[in-house]
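Structure at a glance
Okay, here's what each chain looks like letter by letter:
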Amino acid sequence: QVQLVESGGGSVQAGGSLRLSCAASGSIYSVNDMGWYRQAPGKQRELVAVISSDGSTHYANSVKGRFTISRDSAKNTVYLQMNGLKPEDTAVYYCNADIKRKMGVAYASGIHWGQGTQVTVSS
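Note that this is a predicted model, so its numbers are computed, not measured. (Residues numbered from 1 in each chain as written. Predicted model: local features only at pLDDT ≥ 70, side-chain atom pairs only at ≥ 80, totals over all residues. Heavy atoms only, no water.)

This next bit is on the nonpolar core. By size, the foremost hydrophobic cluster in this structure holds 30 residues, and its most contacted members are Trp36, Leu80, Met82 and Tyr93. Those elements that place two or more of their residues in this core are β1 (2-7), β3 (18-26), β4 (28-39), β5 (46-51), β7 (67-72), β8 (77-82), β9 (91-103) and β11 (117-122). With residues near it in sequence (within four places) discarded, Met82 still touches Gly16, Ser17, Leu18, Leu20, Arg66, Phe67, Tyr93 and Val119. (Core = buried A, V, L, I, M, F, W, Y, C linked by side-chain atoms within 4.5 Å. Buried < 20%, exposed > 50% of the residue type's maximum accessible area, 1.4 Å probe, protein only. Helix = DSSP H or I, 4+ residues; strand = E, 2+ residues; numbered from the N terminus. Contact = heavy atoms within 4.5 Å.)

The structure is reproduced here in structure tokens:
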């Protein structure tokens, strides 16, 4: 019973900003890597940014210098600050996390996905 819930999507004009949030909840022991993916209609889902438990980050070349990923470990929440948005950023953005679940006396690890939040950037 782990859920990832995204929020913060919406419609903005080119050059605008949005901040996405994704909160993990449930029987969580630990959250390892967390990331943001996006998928445009008819396209494959692609990695936008990822942040590890130690804070190291990686960004797709297309968003470097514009997007910033961060996390609040105490809240099991990851953020994506998106500045200088471009029409080509339009997509459904999905939160992704590698989560170790508490399963009574045992644990189970796996990748979890949020349901996605729409980001639309108009020209």
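This part takes up the environment of Val5. Tracing the backbone through its elements, the reader meets Val5 in strand β1. Here Val5 falls in the partly exposed class, since its relative accessible area comes to 46%. Contact partners of Val5, with chain neighbours within four places excluded, come to Ser21, Cys22 and Ala23.

The description of two aromatic rings rests on the distance between their centres and on the angle between their planes. Summed over the entire model, instances satisfying the criterion amount to 2 aromatic pairs. With 4.9 Å between their ring centres and 65 degrees between their planes, Tyr37 and Trp113 make a pair best called edge-to-face. Taken together, the residues span a long stretch of sequence, with Tyr37 in strand β4 and Trp113 in strand β10 (residues 106-113) at a distance of 76 residues. (Phe/Tyr/Trp six-rings, centres within 6.5 Å; stacked < 30°, edge-to-face > 60°.)

Under the counting rule described, the total for this entry stands at 1 disulfide. Between the sulfur atoms of Cys22 and its disulfide partner Cys95 the distance amounts to 2.1 Å. Around the S-S axis, the bridge from Cys22 to Cys95 shows a dihedral of about -85 degrees and counts as left-handed. Taken together, the residues span a long stretch of sequence, with Cys22 in strand β3 and Cys95 in strand β9 at a distance of 73 residues. Of the residues examined, Cys22 reaches a relative accessible area of 0% and is grouped as buried. Note on Cys95: relative accessible area 0%, which makes it buried. (Disulfide = S-S within 2.5 Å.)

Turning next to the pattern of salt bridges. Taken as a whole, this structure holds 3 salt bridges when the rule is applied. Between Glu46 and Arg38 there is a salt bridge whose closest N-O contact spans 2.8 Å. Residue class for Glu46 comes out partly exposed when judged on its relative accessible area of 37%. Across the pair Asp89 and Arg38 runs a salt bridge whose closest N-O atoms are separated by 2.9 Å. In this pair, Asp89 sits in the loop between β8 and β9 while Arg38 sits in strand β4, placing the two residues 51 residues apart along the sequence. Relative accessible area serves as the criterion here: at 5%, Arg38 is assigned to the buried category. Several salt bridges share partner residues, and in doing so they unite Arg38, Glu46, Arg66 and Asp89 into one network. (Salt bridge = Lys/Arg side-chain N within 4 Å of Asp/Glu carboxyl O.)

Here Thr117 lies in strand β11. Here Thr117 falls in the buried class, since its relative accessible area comes to 11%. Within the structure, Thr117 has its side chain in polar contact with the backbone nitrogen of Gly9 (distance 3.3 Å). Thr117 has contacts with Glu6, Gly9, Leu20, Ala91, Val92 and Tyr93, leaving out every residue within four places of it along the chain. (Polar contact = N/O pair within 3.5 Å; in protein donor to acceptor, adjacent residues only side chain to side chain.)

Honestly, that's just the spatial picture; any functional story needs more than this.
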